[in-house]
Structures are given as structure tokens and as C-alpha cells.
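# Structural characterization, general
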Amino acid sequence: MATKVRLEDVTKVYGNVVAADNITLEVKPGELFTFLGPSGCGKTTTLRIIAGFEAPDKGRVFFDEEDVTFKKPYQRNTAMVFQNYALWPHMTVYDNIAYGLRLRKIPEDEIRKRVKWVLELVRLEGLENRFPLQLSGGQQQRVALARALVVQPRILLLDEPLSNLDAKLRIEMREEVKRIQRELLITTIYVTHDQLEAMSISDRLAVMDKGRVLQVGTPQEIYFKPRSVFVASFIGRSNMFTGKLVERSRAYAKIYIDELGVEVEGVIEDSEPSDKVIAIVRPEDIAVELLGASTSTNNNVLRGVVEFKMFVGEKQELRVKVRDASIVAYAPKNLDLSIGQEVLISFSRNSLRALPYK
Amino acid sequence: MRTYSPRDLIIVGLMLMLLEYMFMQLNLGALQKSTLDLLLFLGALWLAAMLIVEERFDPYRIIYSFSWSFIVVVSITYIFLALALQLSGVARSIVYLLLPLALTALAGLVKVKAVEPLIQGRSIKSSLGRIPISRRLQLSLYRLDRVMIAFIAISLAILVAFLITPVLSIFQYSILTPSGEPWYHNFKVIFSDNLYVRKIFIGEPKPWEFIRRPDGTLELVVTGVNYGVLVNSITNAVIVTVVATALGVLVAFALARYDFYGKTFLRVLAVVPLFVTPFINSYIVKLIFGTGGPISIITEALFGFKVRIESLAGVALAQIMAFYPIVYLNAYSSFISIDPSMEEQAENLGSKSWRLFFTITLPLALPGIAAGSILVLIFSLEDLGAPIVFNEHNLMSYKIYSSLIGEAGVVTPEIAALGVVLIALSVLGFLVIRSYVSMRAYAMVSRGGRWHPRTRKLSVVGHVLIYLLLLPLIVFTALPQIGVILMAFNVMALDRFSINPAGFTTKYVVEAFTGGSPLAADIPMHVRNTLTYAITAVLIATVLSIIIAYVVSRARIKYVVELLDVLATIPIAIPGLVIAIGYYYYLSTLSSWGLEWSRGTPLEGLFIAINPIYGELGFQAWIALITAFVVRRLPYTARSVFAGFQQVHENLEEAALNLGASRLKTISTVILPLIVTNIVSGTLIGFIYTSTEVSTSVTLGAFNKQQAPVTYYMMYIYKAGTTEAYRYAAAVGLLLIAIQLIVVIVVTLVLKQRYAFIGI
């Protein structure tokens, strides 16, 4: 049975920086949980607190029901994959992987079996006698993963494990990590600043900023229902407007957008009455059509001028000027547009979300 | 609102200076004068505080400006010296010119370094609420484990017992004063007595003079002026440092940035003066600048007179020649460590030649150069070889030395006070430079060669300049070491710089090794002593270095780490003579205290063995010498080991801890194997500095001559004045050169480590 991890009010201060600010959350047994945030947001510190390299100034850490707050790293049976892999350059691949097993006084033929198993798992058979410096980045990454997995840790910790790989390899390894995690069903905590990586790999994730956890949820929840402006802007692309709540019915609200000078309809999450709001629409929810050729049934329709366009392959990225606002939207790749042309842009009332202004 | 710049401070200073000058012209009583002085001083202080507090002055304008920070350091030194030496007249009013700048800079430094972080830290901590004491205790215990605690305890215990306490005992003795005198009596003597701070009278011998010799030849004798022991030492050290720095930077720049034929040869030759051959090399310098030397031959041919350089002037010359390669090595590695793109960017923007050098290259290389310069300053202050050879008694180092080995057998408290002044000068200089360097440590001094350094082909004119100026300079500074070798093989005359290849014989070298002549009979014994002590000391120092470097690089307890870091580095700044006096006081006190309660027990022997007062009757000099060597040479091994720890990413260690390895297991299986080359090279470098150590060897060693190291013997031969024996001293010098050469070759070629004097 996999292990559950619970953080209670975990706080850590370094000099003048609050690296972790009252973090409380729970990682379910066997899930792949990600801490996502910009650099310096405290995600690595949180991971290091779980690994036992740091102790929190306040708060507690639990593995299942066991309080491990002040347990040494070598008493926790976690295994970490470091951003720089931290492979020992003076040991072969085999010795690197066998290190943890030897410490556990496992007989040498059992070690041999397990190393063979784990090398098959990470698809690195036959490289046992190489030294780390003789391996490519991707292979080193797999060795680091193998070294962590072979000791059958309670929790697998991954600290930006893919950030040193090139873009193509990163996607490949991302799938690989997910496959292995699925296969072993080991509780895994993953740290990254790459939102795509976090969205594609995680069962659930926590978005962090300035030491605080802003939102915890599945990738879908985070993407479709961001609960703060930071989350909305950090994950995916968004158009943001300031506005006023004019009127609200049960499901939808009427919002006056300052920059556009019009009233639009949308969803408002926060039930508290709030005069000033921030309205968010994602570019992919906006339909772009030529004047007079409109077929969409969207409630919110605006008229604007194409200010800038960029061909990005499967679509065209536009910036459409509507009064004081410049709205990012995507148009189908074959739509014939020119700069300065007037277009209609529209979005449904379900795709506009209003958040309280802070 | 307008903010103030350093330039404004100079204008204010000018006004203060004029005021002060006017006051001096008025005929005022002493009391009124000192009141006005005080008022001016308080005015400057108030100005500095106001500017900083009101935020109308940004301290970073000084800290990050190359020229302003340099001016400030010079100003502070000037003010300190001018006040200590009680200068008068214009020299004194200049103090008031510099005062606002210096005070504002100091106040700004305090604000930036201490006050600001404290205030910020406070506000963050208070926003989080209090952390209970029990939790804090738990936190600091968590950061430590048994191994870490043991490491900290061992290293602190050793450093307290063998470094801090001996040095502190000097302070204790320095305030022992004749009854009825205040505690600072000894210091007052040092800062006012004619012996230490001398008034110069009209009609004294000039610094240089033409003398007609009996045989009718004309001779220019350069001696320098004796301003008293204290002033001489300071002036000499400053002159040596400035000249050595200028030379070192010049040579380093030429060698680092230009390609020309024979460059490798010059690079090798330029470090030759670093081969330590105590006393005998200074003797060769004396011959070079004597009436039979090459300089005299040239001047006689050109101008018709001979040149003889003696006393203080001779000491300064010998030290410049011996120490400038320290700056050269540091500057060289700084120059080639500068990322070429930094200079290319500046050139790209239109900067070139002098402007490029002074705005980009020099500021980037400055931390390395400053580190070298401060070493020169310290080495010059504590140097014994040149003063003994030039028979110059009016230097602090000589005073301390002569009173330690004097026949009286008692070291007066005045000498302790002199030791305190010496240590204050060097440690203050060291700490100032250290914090100055670390504040501007944006240059990457450590490992060069990650990129291809910028070099330029030299033009024909450039080649001519190099061969006309640089080549003679480098060859000339290498002459003492070459002379030592020539003298050992009987190729050079004993009393003049003349070479006679026909005299070649290996007799002296062989006899020095076998002891097969009355004059050389004791040499093998002293060589054995040196080797035994050096090996033992350096092995202990290595283990201690590993322990300290581990704590410093890994323990996350700020104050302990900083303390250990400073303690492991500071012995560089503590003159060996100060260690010697400290050990003298410390060991004799410890011994008399120990003998009291150990009477009749086996421990009694130990307490007799450590007491220098018992001399040949029972003092085991080796105990004191080995401990002193460990402490003195610790920085050299520690820096090398520490560099190793810095290269090993902490993650490598955490990966092992994470997989279940304990702290000791991690150290032995992961860390030590990775830094073994650093350890070995640290040990080797420590070994050469230990085997060539002079100041404690010749002082503590003198208390039991049978157990003295070989450098003591070299001094002994020199003092005995049997010129024939100089050849044996030269032979020992040859042996020392051989040891150093082997180590340098092993370190650079086999271990691939850079051989350089440590940066701070």
C-alpha cells in the first residue's frame, strides 16, 4: 500500500525570504502530485522539507500517520531525483544504482537481480559498466530515476527532473516517468516550473507563488476554474480585463468591462458580492469571424480590428484591438485576414470567468 | 530631492580642511586647539550619520565604484596612520579632507552589511509570529548530527587551544605595566618613544650619499631613512606592497594578454623567486646590490661610480624581489579568468586600450590582485630573512626576534605590545581587504581556462619592449635563486657577484647531505628534524582541514560556519613571530600552572617538555614546533580542501543521504573519493610551506637547538659569519628548492591543480 503524505502549516524562512508559508495539503497514496510555480516560489523548498534536507520552522510533515518532521533524510526511505541528477561521477552506473541496496545490506546476487530489473524498467539494459560522464543527458536521467526506484522507496521525489533535457527528449521522458509511476503505483511528488509538464503528468497539482499554495486540484480544475488571477495567468494564456459586477442571476452575471466599454455575460465564482472584478477569457475560447459571415451563437460579441497576426502552424494567432483592449485570439489557419481588417470576435458566457479584484 | 555623491563629500572635506588649516594659523592654546579639533571631528561624524540616515547618500555609490572604494580604503589607512603617528601641519589637515568620505563610507558599510539585513529579517520574522524556543532548539539540532557536532567540537577545541589562546596570551602580557602606569603604557611607549617613532633632525645621514673610498673610487650608498621601528616597518611594508603590486600586475598583464616568443620561459622564470631559500637568497640580493655586484659594474662603466644598497633600502629591495610573484600569480589567474565576452562587449561599445583596462579589466581582476597585495603586506611585515641579512635592527620583526632569542631569556611586556601592534596591523589589513573583496566578488577568480583566454599577437615594437624591459626584470628577480644554486656548486664567489665556472664542485652539496665536514656536521640532523616536523604537521593539518572545510561548506549554522571560516583563514594574517611570542608566553604559563598540580605524576614530564624556559634541559621543541606549524599552515591546506568541497555539488551528498547513507558513510564513499586530488595537493603545498617556514623555526627552535629545523640552521650559519659555511647554507637552499620544485611539478602536472597563492 502506497504512502500518504500530509503537510500541516509548514513554514520555512530563509533570511529575508519566506520560502514556504503555512502550507497545508495532502498527497493521496499512489498519486503523482506536482508542485508548480515560477522559480523562487518555494516548491523546491517544500520538496526538500519532505525529503528531510530541511526542517520546517513551523508545522509538521506526516507520512501516513507517522510524524517525520524531524527525521533525518536517511531515516525516511524517500528517494529523490535531482535536477542535476547528482550521479556520482566516480562510480559506474551499476555501483550508482546498487549504492542504496548495499546500504540496506541486501545480498549481492539479490542486488544484481534488482539492478537488472530496474534497468529494464528504465530501458537502459547493458550500460551497467559505463561511468555517468559517458552517458547522454537522457540516459543519465534514467540512471538517476533507476537509482531512486531500486530501493523501493515509500515516496518518490522528483525535483525538476526534466529541465536539463532538450525539448523533444523532455516530452519522451515525461511519458516515461508517467508510465513507470503508473506501473509501480508509488506515491510521487514532482516539482516543476513548466506548466505543460505539470498539466500533462499530474494526477493533481498545487500552484505555488511566493511560498504560498494558491490552488490545489486536478489539471482540469486548475485550468478551467482558476481561483486566482495568478493561477489564471500562470497556466495557459488569458485575456484579462477589469470590470464591475452589474447584476447577477443564479448561474451567470452581467459584468461591465472597463476597457471594452460594454457589458458582457459570464460566470462568477466567488459568491461574495464584490463590486470590482477581473474578467478572464482564454484565447482558445474566442471565435474569430469575418464581418457578415458570423455563424456563432455566442452571447458576447465584439467588433475589433486586427492589429497583429502571426502564423504558428495549426492556427493563426491574432491580436484584435477592441477599444482600449488588445485581445489575443486564435483564428483558423485558412481564414484570410489582413492587418487593419475589421473582424467579429465572440465568446460564450461559460468561458468568461470573473474573479474578485484584489 | 537631490541625493549626494562621493564628490560632494570631498567638497565638504575641503571646507573642513580649510577650517582646520585656519585654526592652525591662529595662535590658540593647546586646549582650545583640541576642542576645535573635536568639534570638527564631531561635525564630520554628524554629517556622515545624517547623510546615511536621511537616505540622501547611497553607500553603494562607493562600494560598487572601483575608484571611490579604492580612495576610501586609502583614506582610512591614511587617517589611521596619521592619527597614530600624531602627524602635524598640512599632513594633518589632509585628515580632515578625507574624514567625511571615510566616515560616510564606513557608516554606509555598516548600514548595508549589518543594519539593513537585520531590519528586513526582523520584519519577516515578526510577520510570521514567534517560533517557540523548543522548536528553535529542535531545528538547530536537526541541522546537526552527531558527526557534525563532533567535527565542530574537535575543530573549535584545537583552534582555541593552539591558536586563539596563544594569541590572546600576548594581549594579556601586553597590558602588564610597571606599577603606577596605566594599562596602555606599553602601547604609549610604542607610539611615542624615540626608538619606535623617531624625530628626524637636521644634519642626519641622508638616505643616499656619495662616499669616496680609500682607493679613490666613488660609491653611492643608499640606506633609507630610519624613522623608528614602528614607522620603518609600516613604511617599508607599504612601499614593498605598492611596488610589488605594480610590478606583479604589469608582468601578469603582459604574460596573460600577449603572445610572443619565449613566453612560456618567462612564465616559468617569473615564479622562481617564490622558491623559498631563507637568508641565503637575501644574502645574494645583498651581493647583487653590493660593490661587487652587476649594478655597480654597470654604473661604474656608465657614470663612474659604484652603488651599494644597504639597511632599510636593501630590505625593501630584497622583499620586493621575493614577494612580487605572489601578486603576479594572483593577477595572472585573475586576468585569464575574466570571461572574454566582458571585454569584447566593452570593445564592441567602443572602449579600447587604457580605458578598457581601467574600466573593465582591472576592476574585474581586482579581488584577486587585492588578495595578493595583502599577502605581500603581511609577508613584508613579518619577514625576518632580509632584516637579518641586511643587519637592519630597526624593524618590528627584528625587534621581536632579537628579544625572543636574546640571552636574557625573558621577553618583556613591551615586546608583547609590539606583537599586538603587529598583529593588529596585519589582521586589520586582512579583514578590510577580505570584506572589500567579498563585497565586490563578481569576478570569478578560482578556475581559469574554461574559455580560451584573450591573447593578442605582439608587434615588432612590442617584442622589443618585452625583451628590453620585461625579460631583464624577470631574469633579474630570479637572480637570487640562481645565485643560491651557483653558490652551492662553488661557481659563485662568496663575497661578490662573480662567476667562475671552473670552480664547479659537488663537494658542498654532498657534504651537506652526509654531514661530512665540521661545518656541515649538523645539517643532516636539522634536515631530518624539518622533514619529520613538516610531514607530521601537514598530515594533522590535512585531517583538520577536511573536518573544518566540511563544516564550513555543509553545516547551515551561520555563526559557527563564519567563525570557523575566519579562524581557518586568519593564520595567514597572523605573523609567525606573533605566533612565536604567543607560544612562548602560553607554553611557559601553561607549564608553570601545570607543574604546580602535577608534581610527582608522570604528567610532570609533559609540562617540562612544553616549556621553552627549560631550553636544552628538557624543552621538547618538536611539540611546540609541530603545533605551531599545524596552526600556521592550516589555511593553505584548508583552502585547497575547501575548493574541493565547493566543486562537489551538495546534491551528490544529499543523494547518498537520501538513499539511506549516514553522514560518515556519505563522506567516506562519496565526498572524499571526489576531492582526493584537492586533498593531496593541499597536503603537498602545506608541506613546502612548512618545510621552508622561518619565523617560528628560528625562534622556538632556538630554545632547543638540537631539535631545531633546518631553517634555524641556515640563520645560525648566517649569524655565525663563517663565510665558508655560506656554501653549505646554499646547499641546503638547493635542497629546499628541489623539494619545492618537485611539489610544484606534481601539483600542476600530475594533479592538474593550479599552483597559486591563495586568494582571500
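Residues numbered from 1 in each chain as written. Chains lettered and ligands numbered in written order. Predicted model: local features only at pLDDT ≥ 70, side-chain atom pairs only at ≥ 80, totals over all residues. Heavy atoms only, no water.

## Re the overall build of chain A
A tally of regular secondary structure across chain A gives eight helices and 20 strands. Along the three orthogonal principal directions, the C-alpha set of chain A runs to about 75 × 45 × 35 Å. A buried classification covers 54% of the 358 residues belonging to chain A. Total accessible area on chain A stands at roughly 15800 Å², and carbon and sulfur atoms take up 50% of it. (Helix = DSSP H or I, 4+ residues; strand = E, 2+ residues; numbered from the N terminus. Buried < 20%, exposed > 50% of the residue type's maximum accessible area, 1.4 Å probe, protein only. Areas by Shrake-Rupley, 256 points an atom, 1.4 Å probe, with all protein chains shown as cover.)

## Remarks on the interface of chain A and chain B
Interface extent is often summarised as the accessible area lost during association of the parts. If you look at the interface, chain A gives 42 residues, while chain B gives 36 residues. Regarding the contact of chain A and chain B, the summed buried area is about 3200 Å², with carbon and sulfur atoms giving 58% of it. If you look at where chain A meets chain B, you find one salt bridge. Here A:Arg48 and B:Glu654 are joined by a salt bridge, their closest N and O atoms 2.5 Å apart. Mapped onto the side of chain A that touches chain B, the elements with two or more residues apiece are strand S1 (5-14), strand S2 (17-27), helix H1 (43-51), strand S4 (58-63), strand S6 (78-81) and helix H2 (93-103) of chain A. Of the residues belonging to the side of chain A that touches chain B, the class tally is 20 nonpolar, ten polar and twelve charged. (Contact = heavy atoms within 4.5 Å. Buried area = accessible area lost by both parts, 1.4 Å probe. Salt bridge = Lys/Arg side-chain N within 4 Å of Asp/Glu carboxyl O. Nonpolar A, V, L, I, M, F, W, Y, C, P; charged D, E, K, R; others polar.)

## Thoughts on empty space enclosed by the protein
Residues and elements named next belong to chain B. Under the definition given, this model contains five cavities of 30 Å³ or more. Taken as a whole, the largest cavity holds about 660 Å³ of empty space. Lining the largest cavity are 36 residues, with Val276, Phe323, Phe379, Asp383 and Val694 positioned closest to its centre. Among the secondary structure elements, those contributing two or more residues to the lining of the largest cavity are helix H11 (280-288), helix H13 (311-337), helix H15 (353-382), helix H16 (385-389), helix H19 (460-488) and helix H25 (621-647). No other element matches the six residues that H13 contributes to the lining of the largest cavity. The residue makeup of the lining of the largest cavity, split by class, is 22 nonpolar, nine polar and five charged. Formed jointly, the lining of the largest cavity draws a minimum of three residues from each of two domains, domain 2 (158-174 + 522-707) and domain 3 (208-476). By volume, the second largest cavity amounts to about 290 Å³. (1 Å grid on protein atoms, 1.4 Å probe; cavity = no way out; pocket = protein on both sides within 12 Å on 5 of 7 lines; lining within 4 Å. Points joined across faces, edges and corners; volume = space filled by probe spheres on them. Domains from an automatic or database assignment.)

## Describing the packing of aromatic side chains
Residues and elements named next belong to chain B. Taken as a whole and judged by the stated rule, the model has 33 aromatic pairs over all chains. Connected via pairs of aromatic rings, a cluster forms that spans Tyr173, Tyr584, Tyr585, Phe619 and Phe703. The side chain of Arg727 reaches across the aromatic face of Tyr508, ending 5.8 Å from its centre. (Phe/Tyr/Trp six-rings, centres within 6.5 Å; stacked < 30°, edge-to-face > 60°. Lys NZ or Arg CZ within 6 Å of the ring centre and 35° of its normal.)

## Topic: the confidence of the model for chain B
With 94% of its residues at a pLDDT of 70 or more, chain B has an overall mean of 83. Below pLDDT 50 for its whole length, residues 440-449 of chain B participates in 26 contacts with residues either more than four positions away or in separate chains. (pLDDT = per-residue confidence, 0-100.)

## A word on the side chain of A:Glu54
Mapping A:Glu54 onto the fold places it in the loop between H1 and S4. With relative accessibility at 7%, the residue A:Glu54 sits in the buried group. Here A:Tyr14 takes part through its side chain, which lies 3.3 Å from a polar atom of the side chain of A:Glu54. Within polar-contact distance, the side chain of A:Glu54 engages the side chain of A:Arg48 at 3.3 Å. Among residues more than four places away in sequence, those in contact with A:Glu54 are A:Lys12, A:Tyr14, A:Arg48, A:Ile49, B:Tyr142 and B:Arg556. (Polar contact = N/O pair within 3.5 Å; in protein donor to acceptor, adjacent residues only side chain to side chain.)

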